[in-house]
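As a plain string of letters, each chain reads:
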Amino acid sequence: MAARTGAAAAHQGDARAAGLDLTALARSLDGAGEVREAGPDDVVDGVPAAAVARPTTVEGVSAVLREATAQGMVTVARGAGTALTWGCPPERADLLLDTTGLDRLVEHEAGDLVVVAEAGLALRDLQEHVGRAGQELVADVPRERLEGGSTVGGALATGASGPRRLQRLALRDLVLGTTVVLADGTVATSGGKVVKNVAGYDLAKLMTGSFGTLGVVVRAAFRLHPVRPDRAFVLRTGPLEEVADLARAVVASQLAPAAVELDRPAGSDEASLAVLLEGTGDAVAARAADTAALVGGAVGEEPSWWGRLPGGDSLAKATATLVGVKDLLLAARAAEQAHGAAVALRGSAVGVLHAGVTAPGAGALAGVVAGLRAAAPSPREGTVTVLTVPAELREGLDVWGPVGGLDLMRSIKERLDPGRNLAPGRFVGGI
């Protein structure tokens, strides 16, 4: 079938009228999955899909992608759908590739602290399995997404991370290897399932955070950690600058915190500091007491906001240097006062935070983003990326900001997906 062009060709519920050969797609799966016309819920950030394929094997993903690309389709991968509004809307979404049929835990080598899982496996199910061996994948995906069934593939595609990246790094650093299917159906594997395996091109890290624009992750191997049996929280609330300075002091101390998180509610001149100590028995209690003395706080319970995204109509990810976190906190307060918006800021004191923004209009939202970027103006000093935004506020908004290495990223897209068949437009620079 000839390749189709133009967004007008794909409309929800009229796949055949749009020229898509669903019979050929279904035949390509050879019984290992299903293909159907899209329904009202099969939408990617406002862009309706025309058809949905749900393969149940890696071979099925390869075959259906090969057929879809031959038909000139644009394919967007979808797991549990907890982050389909993150990034930018795709230019088209002819085919939704539902990965939830790939939901097997392939291998768990408890002695080696390694797990291999398929992309459609829910993270909470993976955690439940490895937890029986006293282990965990320190993914720390936002709890809203974890509770919504966020999958292994979805977490990788969006580059998720959370509070404990301070000590045990982000999810991308825990990936030992991946199996990926490219737009033409090629199955590519990189890395392995041993921690010291560093040979070859690091395809796993390349795919992490690429929003499915380079390939579809179908399987991944992760490094696990033993669950630390005891934990304690130290809490302190105070003026923005004071709390930021205290957080930096904890990070720089010898207390070895597992996480140091900040929470500034919208409209507040104060922020809360929460420090997580993990370990065993009396040693945790002693470190918690020392931390409380350092920050002038108290040992307490896990705060209700821990590991959750801040509320707001729009969501942005902000990064900063250790010193620059204070500037971000102050910039959030200044942006509220300048633009009549609500800006909640929450995240790690080492400079990976999320901002929840509720603005009265597109101009106010753009002003808030510009204000935050003034405190995080470059990839070297920090960045602000708008992850989700209501459609009526998106027009004219620079959601990505300054990005380094854009030409290199575009050349990689050209190399791996020359026909732009995988979620074009979802990533920075129209990738």
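Residues numbered from 1 in each chain as written. Predicted model: local features only at pLDDT ≥ 70, side-chain atom pairs only at ≥ 80, totals over all residues. Heavy atoms only, no water.

## Focus: the overall build of the protein
To keep it simple, the criterion reads: Helix and strand definitions here come from DSSP, where helices need a minimum of 4 consecutive H or I residues and strands a minimum of 2 consecutive E residues; each element is numbered from the N-terminal end. Radius of gyration means the value over C-alpha atoms here, while the globule rule gives 2.2 Å times the residue count to the 0.38 power. Using a 1.4 Å probe on the protein chains alone, a residue whose accessible area is under 20% of its type maximum counts as buried, one over 50% counts as exposed, and one in between counts as partly exposed.
Assigned secondary structure in the protein consists of 14 helices and 21 strands. Here the C-alpha atoms of the protein give a radius of gyration of 22 Å, agreeing with the 22 Å that 2.2 N^0.38 yields for 431 residues. For the C-alpha atoms alone, the extent of the protein along its principal axes is close to 70 × 55 × 35 Å. In the protein, which comprises 431 residues, the proportion classed as buried is 55%.

## Details of empty space enclosed by the protein
Selection rule: Detection works on a 1 Å grid of protein atoms alone, calling trapped sets that fit a 1.4 Å probe cavities and calling open sets with protein on both sides within 12 Å along at least five of seven lines pockets, with lining residues defined by an atom within 4 Å of a point. Grid points are joined across faces, edges and corners, and a volume is the space filled by probe spheres set on the points. Each residue receives one of three labels: charged for Asp, Glu, Lys and Arg, nonpolar for Ala, Val, Leu, Ile, Met, Phe, Trp, Tyr, Cys and Pro, and polar for the others, Gly being one of them. By convention here, the domain bounds are inherited from an automatic or database domain assignment.
Per the stated rule, a full pass over the model turns up three cavities of 30 Å³ or more. Roughly 340 Å³ of volume is contained in the largest cavity. Ala-77, Gly-79, Gly-153, Gly-154 and Ala-157 are the residues nearest the centre of the largest cavity, which is lined by 27 residues in total. Contributing elements (two or more residues each) for the lining of the largest cavity: strand 5 (75-78), helix 5 (152-157) and strand 12 (216-223). Looking at the lining of the largest cavity, its residues break down into twelve nonpolar, twelve polar and three charged. When residues of the lining of the largest cavity are sorted by domain, at least three fall in each of domain 1 (13-101) and domain 2 (105-226). Of the volumes computed, that of the second largest cavity is approximately 180 Å³.

## A short note on the domain arrangement of the protein
For the protein, the assigned domains are domain 1 (13-101), domain 2 (105-226), domain 3 (230-300) and domain 4 (314-393). Computed over C-alpha atoms, the centres of domain 2 and domain 4 are 28 Å apart.

## What about the pattern of salt bridges?
Counted only if it meets this: Salt bridge, as used here: a side-chain nitrogen of Lys or Arg that lies within 4 Å of a carboxyl oxygen of Asp or Glu.
Inspection of every chain in the model, using the stated rule, returns 28 salt bridges. The salt bridge involving Arg-168 is made with Glu-136; its shortest N-O contact spans 3.9 Å. Of the two residues, Arg-168 is situated in helix 6 (residues 165-168) and Glu-136 in strand 9 (residues 135-136); the sequence distance between them amounts to 32 residues. Here the two residues Arg-168 and Glu-136 agree in accessibility, since each one is buried. We note a salt bridge from Arg-143 to Glu-302, for which the minimum N-O separation is 2.7 Å. Of this pair, Arg-143 sits in helix 4 (residues 143-147) while Glu-302 is found in the loop between strand 17 (298-300) and strand 18 (314-319), placing the two residues 159 residues apart along the sequence. Salt bridges sharing common partners tie together Glu-136, Asp-140, Arg-143, Arg-164, Arg-168, Arg-228, Arg-231, Glu-278 and Glu-302.

## Observations regarding the layout of surface pockets
Of the pockets and cavities examined, the largest pocket occupies roughly 1100 Å³. If you go around the largest pocket, you meet 40 residues; those closest to its centre are Thr-208, Gly-209, Lys-317, Thr-385 and Phe-427. For the lining of the largest pocket, the secondary-structure elements that each account for two or more residues are helix 8 (203-207), strand 18, strand 20 (352-358), strand 21 (384-388) and helix 14 (406-416). Per-element accounting of the lining of the largest pocket gives the leading share, three residues, to helix 14. Quantified by volume, the second largest pocket comes out at close to 390 Å³. Lining the second largest pocket are 16 residues, and of these Glu-136, Asp-140, Arg-143, Arg-164 and Arg-231 sit closest to its centre. Of all the secondary-structure elements, those providing two or more residues to the lining of the second largest pocket are helix 4 and strand 16 (270-279).

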